[in-house]
Amino acid sequence: MSLKKTDIRLPELLIPAGNPEKLRTAVLYGANAVYVGVEGLSLRSASAEMSLSDLAAGVSEAHAAGVRVYGALNTFARNADLAVARKIIPELIATGIDALIVSDPGLIRLIGQVAPSATLHLSTQANTTNAEAVRFWQDQGVRRIILARELTLKEIGEIASAVPDMELEIFIHGAMCMSYSGRCYLSYHRNRRSANEGDCSQPCRWEYLLTESTRLSDPLILEEDERFSYLLSSKDLCLVEYLPQVAAAGVASVKIEGRMKSSYYVAVVTRAYRQAIDALSAHQGEYCFDPHWGRELKTVSHRGYTTGFAFAEEKTNETSPDLKIIQTHEPAGIVLSFDSDQDRALIEVRNHLVAGEHVELLLPDENIDVDTRRLHDENDNRISEAHPGARILIEVPRRVPQGALLRKAAKK
Ligand code: SF4
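Model, not experiment: these values are computed from the prediction.

Peer 1: Looking at this structure, I do not really get empty space enclosed by the protein. What am I missing?
Peer 2: To find leftover empty space, a probe the size of one water molecule is rolled over the atoms. Counting across every chain of the model gives two cavities of 30 Å³ or more. Roughly 130 Å³ of internal volume is contained in the largest cavity. If you trace the largest cavity, you find 14 residues lining it, with Arg 149, Leu 151, Ile 156, Phe 171 and Leu 237 closest to the centre. For the lining of the largest cavity, the secondary structure elements donating two or more residues are α6 (153-162) and β8 (167-174). Partitioned by chemical class, the residues of the lining of the largest cavity number 12 nonpolar, one polar and one charged.

Peer 1: What am I meant to see in a nonpolar patch on the surface here?
Peer 2: Taken together, the side chains of Leu 186, Trp 206 and Tyr 208 make up a nonpolar region of the molecular surface, amounting to roughly 270 Å² of accessible area. Assignment of secondary structure puts Leu 186 in helix α7 (residues 186-191). For Leu 186, a relative accessible area of 32% puts it in the partly exposed group.

Peer 1: Honestly, the packing of helix α1 (residues 20-28) against helix α9 (residues 263-282) in this entry has me stumped. Any pointers?
Peer 2: Between two packed helices, the angle of one axis relative to the other and the distance separating the axes together describe the packing. At a minimum axis distance of 9 Å, the contact between α1 and α9 shows a crossing angle of 15°. Taken together, the axis directions place α1 and α9 in an arrangement best described as roughly parallel. As for the relative orientation of α1 and α9, their crossing is right-handed in sense. Within the contact between the two elements, α1 uses Glu 21, Lys 22, Thr 25 and Ala 26 and α9 uses Ser 263, Val 266, Ala 267 and Thr 270. Tallied by class, the residues present in the contact of α1 with α9 amount to three nonpolar, three polar and two charged.

Peer 1: Sorry if this is basic, but what is going on with unusual backbone geometry here?
Peer 2: A negative phi holds for most residues other than glycine; trans holds for most peptide bonds. In this structure, Gln 202 is a non-glycine residue whose phi angle is positive, near 55°. Among the structural elements, Gln 202 can be located in the loop between α7 and β9 (210-212). You will see that Asp 380, though not glycine, has its phi angle at about 75°, which is positive. Looking at the secondary structure, you find Asp 380 in the loop between β19 (375-377) and β20 (382-383).

Peer 1: Help me out: how do you make sense of the site of the ligand in this one?
Peer 2: Around the ligand, a shell composed of Cys 177, Met 178, Ser 179, Cys 184, Ala 195, Cys 200, Pro 203 and Cys 204 is seen. Classifying every residue of the shell around the ligand gives seven nonpolar, one polar and no charged.

Peer 1: Is there a simple way to explain the side chain of Arg 274 in this structure?
Peer 2: Mapped onto the secondary structure, Arg 274 falls in helix α9. You can call Arg 274 buried: its relative accessible area is 15%. Look past the residues within four positions of Arg 274 in its chain and what remains in contact with it is Leu 13, Tyr 29, Gly 30 and Asn 32.

Peer 1: Can you help me understand helix α4 (residues 105-114) in this one?
Peer 2: Turn by turn, an α-helix covers 3.6 residues, leaving residues three or four places apart pointing in a common direction. Those residues of α4 that sit buried are Leu 107, Ile 108, Leu 110 and Ile 111. What you see down the axis of α4 is that its buried residues fit within an arc of 165°, all on one side. Against the buried residues of α4 lie β4 (68-73), α3 (79-94), β5 (99-102), β6 (120-122) and α5 (131-139).

Peer 1: Is there a simple way to think about the environment of Ala 85 in this case?
Peer 2: Its location among the elements puts Ala 85 in helix α3. According to the relative accessible area criterion, Ala 85 is buried, its value standing at 0%. As for Ala 85 and Leu 73, which are separated by 12 residues in sequence, their C-alpha atoms are 8.9 Å apart.

Peer 1: Is there a simple way to explain the pairing of strand β23 (residues 405-409) in this structure?
Peer 2: Within a regular strand, side chains alternate between the sheet's two faces. Most of β23 sits out of view: four of its five residues are buried. Note: strand β14 (residues 329-339) against β23, five bridges, orientation antiparallel. If you follow Pro 331 over to β23, its bridge partner there is Arg 407. Examined bridge by bridge, strand β17 (residues 359-362) and β23 share three bridges and lie antiparallel to one another. Looking across to β23, one finds that Leu 361 is bridged to Leu 406.

Peer 1: I'm lost on the packing of aromatic side chains in this one. Help?
Peer 2: One pair of aromatic rings is described through two measures. These are the centre distance and the angle between the planes. According to the stated counting rule, one finds five aromatic pairs in the structure shown. Pairing Phe 136 with Trp 137 gives two aromatic rings, centres 5.1 Å apart and planes at 80°, and the pair type is edge-to-face. According to the relative accessible area criterion, Phe 136 is partly exposed, its value standing at 45%. Note on Trp 137: relative accessible area 12%, which makes it buried. Through successive ring pairs, a cluster of aromatic residues spans Tyr 287, Phe 289 and Trp 293. Positioned above the aromatic ring of Phe 171, the side-chain terminus of Arg 149 is 3.8 Å from the ring centre.

Peer 1: In this structure, what is going on with the pattern of salt bridges? I would like to understand it.
Peer 2: Close approach of charged atoms allows side chains of opposite charge to pair. As enumerated under the stated definition, the model contains 24 salt bridges in all. One salt bridge connects Glu 91 with Lys 87, and the closest N-O pair in it is separated by 3.1 Å. With a gap of four residues between them, Glu 91 and Lys 87 both fall in helix α3, about one helical turn apart. By relative accessible area, which is 54% here, Lys 87 ends up exposed. Here Glu 395 ties to Arg 374 by a salt bridge, and the two come within 3.1 Å at their closest N and O atoms. Residue Glu 395 is located in strand β22 (residues 391-395), and its partner Arg 374 is located in the loop between β18 (367-370) and β19; the two are separated by 21 residues in the primary sequence.

Reading guide: rules and limits
Along each chain, numbering runs from 1 in the same order as the chain's sequence is written. The predicted nature of this model means local features are confined to residues of pLDDT at least 70 and side-chain atom pairs, given and counted, to a pLDDT of 80 or more, with totals for whole chains, interfaces and linings taken over all residues. Hydrogens and water are ignored here; the side-chain numbers use all heavy atoms of the structure. A pocket, in this scheme, is an open set of points on a 1 Å grid over the protein atoms alone with protein on both sides within 12 Å along at least 5 of 7 lines, while a cavity is a set where a 1.4 Å probe fits but cannot get out; residues line either one if an atom lies within 4 Å of a point. Grid points are joined across faces, edges and corners, and a volume is the space filled by probe spheres set on the points. Strands are runs of DSSP state E lasting at least two residues, helices are runs of H or I lasting at least four, and both sets are numbered from the N terminus onward. Basically, the charged four are Asp, Glu, Lys and Arg, the nonpolar ten are Ala, Val, Leu, Ile, Met, Phe, Trp, Tyr, Cys and Pro, and anything else, Gly included, counts as polar. The patches reported here contain residues having more than 30% relative accessible area and no salt bridge. Joining distances are 9 Å for like charges and 5 Å for nonpolar side chains (Val, Leu, Ile, Met, Phe, Trp, Tyr). Accessible areas in this description were obtained via Shrake-Rupley with a 1.4 Å probe; residue shielding takes into account the shown protein chains only. Only one rule defines a salt bridge in this text: a Lys or Arg side-chain nitrogen within 4 Å of an Asp or Glu carboxyl oxygen. Burial here depends on accessible area, computed with a 1.4 Å probe over protein chains only, as a share of the maximum for the residue type. Under 20% is buried, over 50% is exposed, and the range in between is partly exposed. Here an axis means a line fitted to C-alpha atoms, over the contact stretch when the element is a helix, while the angle between two N-to-C directions is reported on a 0 to 180 degree scale. Each angle gets one of four labels, with under 35 degrees taken as roughly parallel, over 145 as roughly antiparallel, 65 to 115 as roughly perpendicular, and the rest as oblique. Two helices cross in a left-handed way if the nearer one is turned anticlockwise from the farther one by less than a right angle. They cross in a right-handed way if the turn is clockwise. Every residue pair with non-hydrogen atoms within 4.5 Å of one another is taken to be in contact. Residue proximity to a molecule or strand is established when one non-hydrogen atom of the residue lies within 4 Å of it. What the arc measures is the spread of directions leading from the helix axis to the C-beta atoms. We call two strands paired when DSSP finds no fewer than two bridges between them. Planes of paired rings set the category: under 30 degrees apart is stacked, over 60 is edge-to-face and the rest tilted, where pairs are Phe, Tyr or Trp rings (Trp by its six-membered ring) whose centres lie within 6.5 Å. Here, over-ring charges are defined by two tests on the NZ atom of lysine or the CZ atom of arginine: distance to the ring centre within 6 Å, and angle to the ring normal within 35 degrees.

What follows is the structure in structure tokens.
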């Protein structure tokens, strides 16, 4: 698709950063902005939240690189949460964070009292699906709305035209839910992990059998096709091929899902979308999708890709023929430092590594092969293998940045 240069409003690339390492990874690989969970008040489990002191350090690092930071407070607060929120919100603002992502009207009112100058982004959990709803939230002081995933690009474009002074953000990549934007109790019922508090264990994607109570060992076969049944397992969203249409819809920001995902996921997905947005910018609106971006996106964990609701409602029920997670590669390590005298990098190992294994180093603009035949521990002793958490020295052909990820083929 081609667009006139004047038609293009390049969207901000917004990346999940569940911890300080992921924030640095997102910055290194090309994010314009990151969103983070805030301890105690986000809609994610504790493993995807940052303490206020980590957040303050992360905000200054990100700002030094020109990257904005948004804090997710998108829990639906209970009465008991309000006192915590009243205390945390001013401390959060003091970190220099650029905006707060909220969904609960009570929290919006409370923020108006304790931090009236805070910039508010409305979470997708608020399920905003039409222009009147956007105007309603605009009246409440909201600066940006993360629209519901269930909208088509046509509907998104209509909303952008109807309310041009509201910033709109949409999801462009990541896991999709079979319920309406995470409003689902299945995970809580199955193992007490609540999707509504951001801790979904995704039981909709498990494999189920239909059995008759007196013949438990003889399940009835519920067969959707020759492979198995995958009635509720949604594919993951991926719109990298359709960036011109996304840009033409008039969105200010495109967001990657996955604060619980690994640094490796953050590196690969950020880099692919950065390169795609830069290509859209550089070629005067003539966008040529590079299949390399698609191949890269298939190296990280996913369940097959779909365009979701972007083009048609009938995509609603698109499920995956690949019930199990597909992932061609896994992280091998992360660069802690580089020694220019010896052209060696100190690596923290992330998956068991054997000398001689094929390992790639992911740089922001290319991949380079790494010779792993001579591995050394951090005391310079020659080793033949290394386990997760170990620090090892590896020769690299040129200077590499701290925080760069290494990967290797995933075990079958
Ligand atoms: S169990 Fe499935 S449908 Fe329910 S919230 Fe989790 S991902 Fe969504």
